[in-house]
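Remarks on the overall topology
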Amino acid sequence: MSENNLKLKFRELDLYYGDFKALEDIDLDIKSCAITAIIGPSGCGKSSALRCLNRMNDLVEGARVKGEVILDGENIYDKNYNVVELRKRVGMVFQKPNPFPKTIYDNVAYGPRLFGIKNKEVLEGIVEDSLKRAALWDEVKEKLKSSALSLSGGQQQRLCIARVLAVQPEVILLDEPCSALDPIATQRIEDLLSELKNTYTIVIVTHNMQQAARLSDYTAFFMIEEQGDPGKIVEFGETDAVFTRPEDERTERYITGRFG
Amino acid sequence: MRVDVETDNIATGRTDMESPQVEIAGDTCEAVDAGINGIIKESIEKHKRRTAFWDRAATIAIWSLAFIGMGILFFIIGTILWRGLAMAIQPGFIFGKPEAIKEGGGIGPMVVSSFYLAFLTVIIVLPIGVGAAIYMSEFAKEGWATRAARFGADSLATVPSVIFGIFGMVLFVIYFGLGWCLLAGALTLALLNLPTVMRTTEEALKAVPSSYREASMGLGATRWETVKRVVLPSAMPGITTGAVLTIGRAIGESAVVIFTVGIFIGWIPRTPLSPAAPMAANIWHWYTEGALKADAMAIANGEAALLLLVVLLLNVAARVLARFYQKRLGTVR
């Protein structure tokens, strides 16, 4: 991995929730236009690590970090760093589909409107384009004015992806995006992500080992030694290597399903 | 019992079965202890009989209590309407000029006073109450200050309205020199309703899933943009219900109004500083000081029936409005 196509870097990052140390000494390079998967047993801090990348942890009371997260050469935890701008560049899709209780159109137009785009034609263009890229357009083009809550779970999740795409992010973070979906909806999301990785840097947290193996180019395996210990990276590398010849015995035991 | 091998293979996903004969539970299981089994069966029977009795008894008791409660309610509503409805629906009564001593006359100024007062109360209490609730639920860090504010609001909500009435009279009517007027009443009613508006709004905001907030902030919205564009619209059903119920309480409240606004008026109040006489206080006036007027009781009954109808309509309106917002949000079809 050469240094110049690295989009995001964790550098000696520690994360605390109050007195509890959730992550310790995280060093991780995330390559642009590739899918990086974060796997590991429950409670190992993989979602927390993901939420460091767009500073969503700022919303948690008592959360603080030590160390750096570098996005395109800049430390996003720098005091003067603009968090709003960061979250526009680094979009996030959550575990449970969470469309707003608004129309399908208004959901996708939410971000652009936030940044002051009022022109109807421009908005319509963005909405159509985003829904097409999220592979949802054909299913919803007739009912853009219906409530987003009338869609199925899988459609809602693709709507959430469209909503993120509408603000033209550079990085998309996905926090177990398929854990609430059936296998067919999961398949569609995975196809979509494989499509999107040509344009975006994608980081996905997943519980599903097959998903990580199928989908990702790089895999990071997180683990905690014991309950109450901070999460650490045990192994990181190209997905093929991690899954076929893991260097660490714990990785092997986890991916072969012997614990976790 | 023998099961078809193929279906069993499909069901379990096993293809490498060694024996084609599949045994399923029943043939191979060890028999459970007959003695213990008998005891368990017997207690299950006993439990069934015992609970059946209590289940029926509780159902009857709960139904009767519900009927008693509803019965009392319908008796009161029925009596008020029986005595006053005929008068309450006559336009000449609703909009007419009152007669203080002579027989007849209407309650036009009282009707106007009631709605005027309710309107003033809502425009005072809503911004303050909703604003405070937004601050408490969306911005303030949970700590001793928010706990104190909540405790204060809850305590205030239990203070009898007559205390608010006297307080309002001393502060607004006398100390601030507003005199008996709509504004003094509205300010006092605003104080009376502030805790409820605050708490109902806060509950409505708290009920908004935090996933909406995360989604909005995740797209680069600030906290305020998130509140304005996602949280408040989602909480609208709850907030409007609280607001309409506040109007209802402002129209129905008598103790505060008697002390701060007035109980009888012969003309329509114009400005917020005009003296006025909302219906609830005016009913009290006819009952206590109506001796000079031969039909004072009939007027009071008609006014009571009208007041009841207005409050009932407002409660219906609160439900309709909440439903309208829920539909628009798509949370109900």
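Residues numbered from 1 in each chain as written. Chains lettered and ligands numbered in written order. Predicted model: local features only at pLDDT ≥ 70, side-chain atom pairs only at ≥ 80, totals over all residues.

**A closer look at the overall build of chain A**
Regarding its fold elements, chain A presents ten helices and ten strands. Taken over C-alpha atoms, the radius of gyration comes to 18 Å for chain A, in line with the 18 Å a tight globule of 260 residues would show. With the C-alpha coordinates of chain A rotated into their principal frame, the extents come out at 55 × 45 × 35 Å. Residue burial in chain A is summarised as follows: out of 260 residues, 47% are buried. Considering only intrachain contacts with a sequence separation of at least 6, the fraction spanning at least 24 residues in chain A is 68%. (Helix = DSSP H or I, 4+ residues; strand = E, 2+ residues; numbered from the N terminus. Rg over C-alpha atoms; globule rule 2.2 N^0.38 Å. Buried ≥ 20, exposed ≤ 12 C-beta atoms within 10 Å, placed from the backbone. Contact = placed C-beta atoms within 7 Å.)

**Some remarks on the overall build of chain B**
Scanning chain B from terminus to terminus reveals twelve helices and zero strands. Counting from the amino terminus, helix and strand elements in chain B follow one another as α-α-α-α-α-α-α-α-α-α-α-α. In chain B, 71% of the contacts between residues at least 6 apart in sequence involve partners at least 24 apart.

**Remarks on the interface of chain B and chain A**
For interface size, the figure often reported is the accessible area lost on association. The interface is formed by 17 residues belonging to chain B together with 23 residues belonging to chain A. Split into classes, the residues belonging to the side of chain B that touches chain A amount to seven nonpolar, seven polar and three charged. (Nonpolar A, V, L, I, M, F, W, Y, C, P; charged D, E, K, R; others polar.)

**Digging into the environment of Lys46 of chain A**
Looking at the element boundaries, Lys46 of chain A is found in helix α1 (residues 46-52). Considered as a pair, Lys46 of chain A and Arg245 of chain A are 199 residues apart in the sequence and their alpha carbons are 22 Å apart.

**Some remarks on the sheet that holds strand β8 (residues 201-205) of chain A**
Residue and element names in this part refer to chain A. If you walk across this open sheet you meet the six strands as β6-β7-β8-β3-β9-β10, and the pairing is mixed. The open sheet has two free edges, formed respectively by β6 (90-93) and β10 (232-238), since each of these has just one partner strand. In this sheet, adjacent strand axes meet at a mean angle of 15° when their direction is disregarded. Inspection of the sheet shows strand β7 (residues 171-175) paired to β8 by five bridges, in the parallel sense. Across the sheet, the residue bridging to Leu174 is Ile204, located in β8. Across the sheet, helix α6 (residues 153-165) lies against β6 and β7, angled at about 170° from β6, the strand it touches most. (Pairing = 2+ DSSP bridges. Axes fitted to C-alpha atoms, helices over the stretch in contact; angles between N-to-C directions.)

**Points about helix α3 (residues 104-114) of chain A**
An α-helical turn contains 3.6 residues, so any two residues separated by three or four positions project in the same direction. Residue and element names in this part refer to chain A. Of all eleven residues making up α3, eight are buried, and the element is well covered by its neighbours. Taken residue by residue, α3 has Ile104, Asp106, Asn107, Val108, Ala109, Tyr110, Gly111 and Pro112 as its buried positions. Contacts made by the buried residues of α3 are with α4 (120-133), α5 (137-140) and α6. Remark: Gly116 follows α3 within two positions and exhibits a positive phi of approximately 95°.

**Quick word on the packing of helix α2 (residues 34-88) of chain B against helix α12 (residues 296-329) of chain B**
Residues and elements named next belong to chain B. Viewed as axis vectors pointing N to C, α2 and α12 meet at an angle of 110°, and their least axial separation amounts to 7 Å. By the criterion of interaxial angle, the relationship of α2 to α12 is roughly perpendicular. Listed contacts from α12 to Ile77, Ile80, Leu81, Arg83, Gly84, Leu85, Met87 and Ala88 of α2 are Ala298, Asn301, Gly302, Ala304, Ala305, Leu306, Leu308 and Leu309. In the contact of α2 with α12, the residues fall into twelve nonpolar, three polar and one charged. (Parallel < 35°, antiparallel > 145°, perpendicular 65-115°, else oblique.)

**With respect to the packing of α3 of chain A against α4 of chain A**
Two packed helices can be described by the angle between their axes and the distance between those axes. All names here are of chain A. α4 packs onto α3 with a crossing angle of 110° between their chain directions and a minimal axis gap of 9 Å. One element, α3, and the other, α4, form an angle in the roughly perpendicular class. Handedness of the crossing formed by α3 with α4: right-handed. Contacts from Tyr105, Val108, Ala109 and Pro112 of α3 reach α4 at Leu123, Ile126, Val127, Ser130 and Leu131. (Left-handed = near helix turned anticlockwise from the far one by under 90°.)

**A word on the pairing of strand β2 (residues 20-31) of chain A**
Bridge count for strand β1 (residues 6-17) of chain A against β2 of chain A is eight bridges, and the pairing is antiparallel. Counterpart to Leu8 of chain A in the pairing with β2 of chain A is Ile30 of chain A.

**Thoughts on the sheet that holds β1 of chain A**
Pairing within the open sheet is antiparallel, and its four strands lie in the order β2-β1-β4-β5 (chain A). Looking at strand neighbours, the two that pair on one side only are β2 and β5 (74-75) of chain A, the edges of this open sheet.

**A look at the pairing of β1 of chain A**
Each regular strand displays side chains that alternate between the two surfaces of the sheet. All names here are of chain A. Hairpin remark: β1 followed by β2, antiparallel, with two residues in the connecting loop; positive phi at Gly18, about 65°. With eight bridges connecting them, β1 and strand β4 (residues 63-71) associate as antiparallel partners. What sits directly across from Lys9, in β4, is Ile70.

**Structural notes on helix α9 (residues 223-252) of chain B**
In this model α9 of chain B runs just 38 Å from its N-terminal to its C-terminal C-alpha over 30 residues, more than 12% under the 44 Å that 1.5 Å per residue would give. Where α9 of chain B bends most, the angle comes to about 55°, and this point is Met236 of chain B, followed within four residues by the proline Pro237 of chain B. (Expected span 1.5 Å × (residues − 1). Bend = angle between axes of the 7 residues up to and from the residue.)

**Overview of unusual backbone geometry**
Residues and elements named next belong to chain A. At Asp25, a position not held by glycine, the phi torsion is positive, near 55°. For Asp25, the position within the fold is in strand β2. Given 14 C-beta atoms within a 10 Å radius, Asp25 is considered partly exposed. With a phi angle near 45°, Glu176 is a residue other than glycine that sits in the positive phi range. By the element assignment, Glu176 lies in the loop between β7 and α7 (183-196).

**Topic: the nonpolar core**
Membership of the largest hydrophobic core comes to 156 residues, with the highest contact counts inside it found for Ile38, Val69, Ala162, Leu173, Val203 and Phe222 of chain A together with Val261 of chain B. Sequence-distant contacts of Val69 of chain A, defined by excluding residues within four places in its chain, comprise Leu8, Phe10, Leu13, Cys52, Leu53, Asn75, Ile76 and Tyr77 of chain A. (Core = buried A, V, L, I, M, F, W, Y, C linked by C-beta atoms within 7 Å.)

**Let's talk about the confidence of the model for chain B**
For chain B, per-residue confidence averages 86 on the pLDDT scale, and residues scoring 70 or more make up 90% of the total. Note that residues 1-20 of chain B has pLDDT below 50 and, in this model, 13 contacts with residues that lie over four places away or in other chains. (pLDDT = per-residue confidence, 0-100.)

**Re the environment of Ile35 of chain A**
All names here are of chain A. By the element assignment, Ile35 lies in strand β3 (residues 35-39). Along the sequence, Ile35 and Tyr200 sit 165 residues apart, while their C-alpha atoms lie 8.7 Å from each other. Not counting the four nearest positions on each side in its chain, Ile35 is found in contact with Leu193, Lys197, Ile202, Ile204, Leu215, Ser216 and Asp217.

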